[in-house]
Amino acid sequence: MALLKVKFNQKKRVKLAQGLWLMNWFSVFAGILVFSMGLFLKIELRKRSEVMDNSESHFVPNSLILMGILSCAFNGFAGKICYDSLDPAKFAKWKPLLKPYLALCFFFNILIFFVALLCFLMRGSLESTLAQGLKNGMKFYRDTDTPGRCFMKKTIDMLQIEFKCCGNNGFKDWFEIQWISNRYLDFSSKEVKDRIKSNVDGRYLVDGVPFSCCNPSSPRPCIQYQVTNNSAHYSYDYQTEELNLWRRGCREALLHYYSSMMSSMGAVVLLVWLFETAVMVGLRLLHTSLESIANPEDPECESEGWILENSLKDTLKSALESLKKIGKFNQVEADGEGAEGAEGGKTPAVTTVS
């Protein structure tokens, strides 16, 4: 029994073809939207590539860009088929291509669904990428005179100001690295010498943070040095002064920004996938309804359209049998070649007459 069998007359076939033509062009615009989302995400990721550890995060935007291009191509082609299906003479040239095209559409829809899932599942890899990238970026903050790293200070400062964050996981991350360049340290000062000697790695560590960690909404002037020393500042307790420095780490801020963006894109791609699936089903019904016309010379006669010629169970069973036949055929060929090789390898006996 055929799956989703529907009866069509000439009027219904024309309406289906016209509706699919319109839907395909809507799908072309949806493809342009997916392409634009991928391009936008790629640009956003490239803006902060200095604080990302690898290029794996670009897999999602690249996939969106590819799916957008393929969607425009597939749906533009399908729109042409639907338009030509109104004329039996024009439709005849597309008949041999429809089955392979529908198979490609099926795999294309699987890819779209896979890309939509990736948009939701990229949070884990993005988190580790940002954690390591920010850690490395903070280490290079002081290298303002080193070629290739001189831009890192500006990048980190602009990042902390824009996203209202401080450090990797929080402002205390700055206490564990030397973020002040040696160029601006007075090595004749006893305080500087003592701090460097007290550290195993010979680094100048302070309980201070860059100016970009300061919250402009704070009612008092920003305290960025001796942050944990309550006695160094009047009426100050660093554990309760929530407005003085940004408390949120930049990893969390960036992760929330990109995750919410990709979740929204994933929802849009899922809607596109549903729309593409509906178009594919409609195109299959149109294809079978036109092929099953009993009398091609009478275009007004009734016909039947279906998704699968047999039930889903029977279709899967026949597909498995076909795969088994292919496997057996390959095995027979391999055995035949082995036998020929064995016969060819035999050495004829030579009789010696003495």
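Procedures and definitions
Residues numbered from 1 in each chain as written. Predicted model: local features only at pLDDT ≥ 70, side-chain atom pairs only at ≥ 80, totals over all residues. Heavy atoms only, no water. UniProt positions renumbered as here; feature names shortened; annotations may be inferred. Salt bridge = Lys/Arg side-chain N within 4 Å of Asp/Glu carboxyl O. Buried < 20%, exposed > 50% of the residue type's maximum accessible area, 1.4 Å probe, protein only. Helix = DSSP H or I, 4+ residues; strand = E, 2+ residues; numbered from the N terminus. Axes fitted to C-alpha atoms, helices over the stretch in contact; angles between N-to-C directions. Parallel < 35°, antiparallel > 145°, perpendicular 65-115°, else oblique. Left-handed = near helix turned anticlockwise from the far one by under 90°. Phe/Tyr/Trp six-rings, centres within 6.5 Å; stacked < 30°, edge-to-face > 60°. Lys NZ or Arg CZ within 6 Å of the ring centre and 35° of its normal.

- By the naming in an unreviewed UniProt entry, the chain is Peripherin-2, taken from Phoenicopterus ruber ruber.
- UniProt, in its Subcellular location (unreviewed entry) section for the chain, records the words "Membrane".
- The chain has a UniProt comment under Sequence similarities (unreviewed entry) that states "Belongs to the PRPH2/ROM1 family."

### Some remarks on the pattern of salt bridges
- Applying the stated criterion to the full structure yields 10 salt bridges.
- Across the pair Arg142 and Asp143 runs a salt bridge, and its minimum N-O distance is 3.9 Å.
- Taking the relative accessible area as the measure of exposure, Arg142 reaches 26% and is therefore partly exposed.
- Residue Asp143 is classed as buried on the basis of its relative accessible area, which comes to 13%.
- Residue Asp157 is joined to Lys153 by a salt bridge in which the shortest nitrogen-to-oxygen separation is 3.0 Å. With Asp157 and Lys153 both in helix 6 (residues 152-163) and 4 residues apart, the pair spans about one turn of that helix.

### Focus: the packing of helix 1 (residues 10-47) against helix 2 (residues 59-84)
- Interhelical geometry of helix 1 versus helix 2 gives an angle of 165 degrees and a closest axis separation of 7 Å. Here helix 1 lies roughly antiparallel to helix 2, going by the angle between them. Regarding helix 1 and helix 2, the two cross each other, and that crossing is left-handed.

### Some words on the packing of aromatic side chains
- Under the defined criterion, the tally for this structure stands at 12 aromatic pairs.
- Here the aromatic rings of Trp174 and Trp179 are separated by 6.3 Å at their centres, their planes lie at 75 degrees, and the arrangement is edge-to-face.
- With 5.2 Å between their ring centres and 65 degrees between their planes, Tyr257 and Tyr258 make a pair best called edge-to-face.
- Relative accessible area serves as the criterion here: at 25%, Tyr257 is assigned to the partly exposed category.
- What links up through ring pairs into an aromatic cluster is the set Phe74, Phe77, Tyr101 and Phe108.
- Over the ring of Phe140 we find Arg149, and its NZ or CZ is 4.0 Å from the ring centre.

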